[in-house]
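A closer look at the structure
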Number of protein chains: 2
Amino acid sequence: MEFHTKIAVDAMGGDNAPGEIVKGAVEALKERKDIRICFFGDKDKVEAELEKYSYDPAQVEIVHTTEEISCDEAPAVAIKKKKDSSLVVALRAVKSGDCDAVVSAGSSGAILVGGQVLVGKCKGVKRAPLAPLVPTEKGVSLLIDCGANVDARPEHLVQFAQMGSIYMEHIVGIKKPRVAIVNIGAEEAKGNALVKETYPLLKECKTIHFVGSIEARDIPKGDVDVIVTEAFVGNVILKLEEGLAGTLLSVVKEGMMSTLRSKIGALLVKPALKKTLKTFDASEYGGAPLLGLKGLVVKIHGSSSAKETRNAIFQCVSFKEAEINERIMQYLALAQEKTETDR
Amino acid sequence: MEFHTKIAVDAMGGDNAPGEIVKGAVEALKERKDIRICFFGDKDKVEAELEKYSYDPAQVEIVHTTEEISCDEAPAVAIKKKKDSSLVVALRAVKSGDCDAVVSAGSSGAILVGGQVLVGKCKGVKRAPLAPLVPTEKGVSLLIDCGANVDARPEHLVQFAQMGSIYMEHIVGIKKPRVAIVNIGAEEAKGNALVKETYPLLKECKTIHFVGSIEARDIPKGDVDVIVTEAFVGNVILKLEEGLAGTLLSVVKEGMMSTLRSKIGALLVKPALKKTLKTFDASEYGGAPLLGLKGLVVKIHGSSSAKETRNAIFQCVSFKEAEINERIMQYLALAQEKTETDR
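Residues numbered from 1 in each chain as written. Chains lettered and ligands numbered in written order. Predicted model: local features only at pLDDT ≥ 70, side-chain atom pairs only at ≥ 80, totals over all residues. Heavy atoms only, no water.

**Looking at the overall build of chain A**
Worth spelling out the cut-off: Secondary structure counts use DSSP, requiring at least four H or I residues in a row for a helix and at least two E residues in a row for a strand, with both numbered from the N terminus. Exposure categories follow from relative accessible area, calculated using a 1.4 Å probe and restricted to protein chains: below 20% of the type maximum is buried, above 50% is exposed, and the middle band is partly exposed. Contacts are assigned to residue pairs that have any heavy atoms within 4.5 Å of one another. Only the protein chains shown count as cover for residues, and all accessible areas are computed by the Shrake-Rupley method using a 1.4 Å probe.
From N to C terminus, chain A includes 11 helices and 11 strands. Summarising its shape, the C-alpha atoms of chain A cover approximately 65 × 60 × 40 Å along the three principal directions. Evaluated residue by residue, chain A yields a buried proportion of 56% over its 343 residues. When contacts within chain A are restricted to residue pairs at least 6 apart in sequence, those whose partners lie at least 24 apart make up 72%. Carbon and sulfur atoms form 52% of the exposed surface of chain A, whose accessible area is close to 14300 Å².

**Observations concerning the pattern of salt bridges**
All names here are of chain A. The condition is simple: By definition here, a salt bridge exists when the distance from a side-chain nitrogen of Lys or Arg to a carboxyl oxygen of Asp or Glu is within 4 Å.
The tally for this structure, following the rule as stated, stands at 36 salt bridges over all chains. Across the salt bridge formed by Glu31 and Arg310, the nearest N and O atoms sit 2.7 Å from each other. With Glu31 in helix α1 (residues 19–31) and Arg310 in helix α10 (residues 306–321), this pair connects stretches of sequence that are 279 residues apart. Since its relative accessible area comes to 19%, Arg310 is described here as buried. Of the charged contacts, one joins Glu49 and Lys52 as a salt bridge, the two residues approaching to 2.9 Å between their closest N and O atoms. Its relative accessible area of 14% is what places Glu49 among the buried residues. On the accessibility criterion, Lys52 (55% relative accessible area) is exposed. Overlapping salt bridges, with partners in common, bring together Lys6, Arg36, Glu61 and Asp98 in one network.

**A word on the side chain of Thr136 of chain A**
Rule in force here: Between N or O atoms, a polar contact is any pair within 3.5 Å; within protein, one atom must be a potential hydrogen donor and the other a potential acceptor, and residues adjacent in sequence are included only when both atoms are from side chains.
Structurally, the position occupied by Thr136 of chain A is in strand β5 (residues 133–136). A distance of 3.1 Å separates the side chain of Thr136 of chain A from the backbone nitrogen of Lys138 of chain A, its partner in a polar contact.

**Observations regarding the interface of chain A and chain B**
The condition is simple: Buried area: the accessible area, evaluated with a 1.4 Å probe, that two parts lose upon being put together, summed over both parts. For this classification, the nonpolar set comprises Ala, Val, Leu, Ile, Met, Phe, Trp, Tyr, Cys and Pro, the charged set comprises Asp, Glu, Lys and Arg, and every other residue, Gly included, is treated as polar.
With 51 residues of chain A at the interface, the matching set in chain B holds 51 residues. Both faces considered, chain A and chain B share a buried interface measuring about 4700 Å² in area, 77% of it formed by carbon and sulfur atoms. Summed over the three residues of chain A that lose the most area to chain B, namely Ile184, Phe232 and Leu240 of chain A, the buried surface amounts to 15% of that side. Taken together, the connections running from chain A to chain B amount to four salt bridges. Between Lys239 of chain A and Glu215 of chain B there is a salt bridge, with its nearest N and O atoms 2.6 Å apart. For the pair chain A and chain B, the interface holds 10 residue pairs in polar contact (both at pLDDT 80 or more). Among the elements that take part in the side of chain A that touches chain B, helix α8 (residues 231–256) of chain A stands out by supplying 20 residues, more than any other. A class-by-class count of the residues in the side of chain A that touches chain B yields 30 nonpolar, 12 polar and nine charged.

**Examining a positive patch on the surface**
Residues and elements named next belong to chain A. We apply this condition: The patches reported here contain residues having more than 30% relative accessible area and no salt bridge. Joining distances are 9 Å for like charges and 5 Å for nonpolar side chains (Val, Leu, Ile, Met, Phe, Trp, Tyr). In this tally, Asp and Glu contribute negative charge and Lys and Arg positive charge; neither His nor the terminal groups of the chain are included. By convention, the charge on Lys lies at NZ, on Arg at CZ, on Asp at CG and on Glu at CD.
Taken together, the side chains of Lys80, Lys81, Lys83 and Arg92 present a region of like positive charge at the surface. Examined against the element boundaries, Lys83 turns out to sit in the loop between α3 (75–81) and α4 (86–95). The exposed category is assigned to Lys83, whose relative accessible area is 54%.

**Here we look at the relation of the copies chain A and chain B**
The cut-off we apply is this: When the copies are superposed, the least-squares fit takes in the C-alpha atoms of residues with a pLDDT of at least 70 in both.
Superposition record for chain A on chain B: RMSD 0.0 Å, screw rotation 180 degrees, translation along axis 0.0 Å. In symmetry terms, the pair is related by a two-fold rotation axis. Taking C-alpha positions as reference, the residue of chain A nearest the rotation axis is Gly265 of chain A, located at 1.9 Å.

**Observations concerning the pairing of strand β4 (residues 101–104) of chain B**
Residue and element names in this part refer to chain B. Heads up, the condition is: If DSSP finds at least two bridges between two strands, the strands pair.
Of the two faces of β4, the one carrying Ala101 and Val103 and the one carrying Val102 and Ser104 are both buried. Relative to strand β11 (residues 296–299), β4 runs parallel, the two sharing four bridges. Bridge assignment links Ala101 to a residue of β11, and that residue is Leu296.

**Focus on the sheet that holds strand β7 (residues 178–183) of chain A**
As a general point, the strands of a sheet are linked pairwise by backbone hydrogen bonds and lie either parallel or antiparallel. Residues and elements named next belong to chain A. Put simply, the test is: Angles run from 0 to 180 degrees between N-to-C directions of axes, and those axes are lines fitted to C-alpha atoms, restricted for helices to the stretch in contact.
Spatially, β5-β6-β9-β7-β8 is the arrangement adopted by the five strands of the open sheet, whose pairing is mixed. The open sheet has two free edges, formed respectively by β5 and β8 (209–215), since each of these has just one partner strand. The average undirected angle you get between the axes of adjacent strands in this sheet is 30 degrees. Note that strand β6 (residues 139–144) and strand β9 (residues 226–228) share three bridges and pair parallel. In the sheet register, Leu143 faces β9, and the bridge partner there is Ile227. The sheet strands contacting helix α7 (residues 193–204) are β7 and β8, and the helix crosses β7 at an angle near 170 degrees.

**Some thoughts on the packing of α1 of chain A against α10 of chain A**
Residue and element names in this part refer to chain A. Definition in use: Throughout this description, any angle smaller than 35 degrees is read as roughly parallel, any larger than 145 degrees as roughly antiparallel, any in the 65 to 115 degree range as roughly perpendicular, and the remainder as oblique. By convention the crossing between two helices is left-handed if the near helix lies anticlockwise of the far one by an angle smaller than a right angle, and right-handed if it lies clockwise.
In contact at an axis separation of 7 Å, α1 and α10 are set at 45 degrees when each is read in the N-to-C sense. In terms of orientation, α1 lies oblique with respect to α10. Considering the relative orientation of α1 and α10, their crossing is right-handed. Every residue of α10 that contacts α1 at Glu20, Ile21, Lys23, Gly24, Ala25, Glu27, Ala28 and Glu31 is listed here: Ala306, Thr309, Arg310, Ile313 and Phe314.

**Structural notes on the nonpolar core**
The criterion, for reference: Definition of nonpolar core: a set of buried residues of the types Ala, Val, Leu, Ile, Met, Phe, Trp, Tyr and Cys, connected through side-chain atoms within 4.5 Å.
Grouped together as the largest cluster of nonpolar side chains are 215 residues, with contacts concentrated most on Phe39 and Ile313 of chain A together with Phe39 and Ile313 of chain B. When residues no more than four places from it in sequence are discounted, the contact partners of Ile313 of chain A are Ile7, Val9, Ala25, Ala28, Ile35, Ile37 and Val103 of chain A.

**Quick look at the sheet that holds β4 of chain B**
Residue and element names in this part refer to chain B. With respect to topology, six strands assemble into an open sheet ordered β3-β2-β1-β4-β11-β10, the strand pairing being mixed. The sheet is open, and its two borders are formed by β3 (60–64) and β10 (288–290), each paired with just one other strand. Each adjacent strand pair in this sheet contributes to an overall mean axis angle of 25 degrees, direction not counted. Of the pairings in the sheet, the one linking strand β1 (residues 5–10) to β4 comprises three bridges and is parallel in character. Within β4, the residue paired with Val9 across the bridge is Val103.

That is the geometry; function is a separate question.
Encoded structure:
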């Protein structure tokens, strides 16, 4: 059997590694007989987990590594020094072309830095943005960039808009994705220096469907598909959404548990509530891709379960099948040509 | 009777003006016999509202104005052209010293611009920040700056930290308020250029209780009292909190109403839930003050009810009583002296 996609899985990264990671990967293998997974990590530990399940051994490979990068380590130093860590070896396997993509629940910083340093950017890509899908009332939006490279320039944001549009069209399946830039007001004249400079460039950009500014208040409504912003602001949006959702739901729960009457009510409400809140669960859509690299790097939450791991693996498969990287490079080349012709 | 505080109320600003605005103001007057309110707006309309209530006429003054500034107008232009608008005349009354403070539910942009242009900054204040209180699990935190002046410099942020600390100590009553700067990681080395430059300045600042960085995820937890950030990011945080809270609660509500079983449960849950969610209602604390001006300018939501108006008026009274402006000026003078001595 020919395997068309080979995915590197960092078996040692995250709070639930290797247990949930291996479990999720095996689930993915069972559903897709045409993919292969290469686990990077402590061989004995990975094998002990694999023994719990039945799977086709032809679909599995293990590369033994002796080190692990923890979340407390300085990312750049860890990437440089821990040459035999599961993450570093996995990233190198993508760089060499042996694997198409890597999924890791390990240190976010190390994934971001390692992705850019070890895998490297595609030709024409100025910066590799981290682009998680954020849940909205109507589905998901792509928030691009939430990465580690702050203080972006306007031309970076324009590329983010282009890469994000390709991703939403071909991975999430949205035709003509609507692109907006995060701003503090709807008018074109509003914003900080970066937004004011970027706005007209996005407006001119023929290859995307730019719809203007979006105020943070409207992000949860889900009326745009690609939300472009600089990494510092993107990070604030992403983290605040996670934090506030957690806090609000715990306040709601606390309220429900405060009296006997409300406790009975809570029992009756629970199943229906669980179902609606599921629409707000971004893990259904996989992890956060680091776009614009020579191979896909997908960061999943440190607390990822088997489900998120499995979905991230499918995300990698779609990425390969939809030839996202090829499309990004074509697109950037075209955009470049267009700019030069216009001059 | 001597009135120790006179508050200008923009009777024409906001969705519920003049009805709710006048109602809230009268409620405040009844509770505090030692304050006076001056309404700015259409005299006939204000009087028609006032007729609905009984109050001490000695506490009330009306200044007739013929214009109104709408939210669709460009703030700077509106402030300049509509010289007889309720907001402009009210702001001038603060500038002249006739009133101590102004409360308005009108155009945010016009309040921000007008406050700075017409009232003017206190000596030593580089920028006037808008500092709303945001609800948290444990009470409220002051988010400073959410205003209109983006692209701040490090020394602005240090002043925001100082002004915010004074406000939280003397208005909200928090001893030694904890100050943190919004960042994308907890380490000092993290952040964008602005945060990296500001961090050591805040750390050195002896007059505040700086506790380091705060990630957006932790803002709703309420572990710090003064959250310092540049206006663009502050605006994103404020608006996203409002938007997400609205969306999540509507999703929860929808979930509760989706089946017959859950509808019965919702009835039982409702009173307890309402009580806990009240802790997340920032309008209990009044409006968002624009700090550092020669007189207080308080912006309340466009949709403000009588309750928010009343609370904002009390906020102005506390501001006067606690001599916040005098303290800010003293503080800044001291900080300035300290810097010069250190050199």
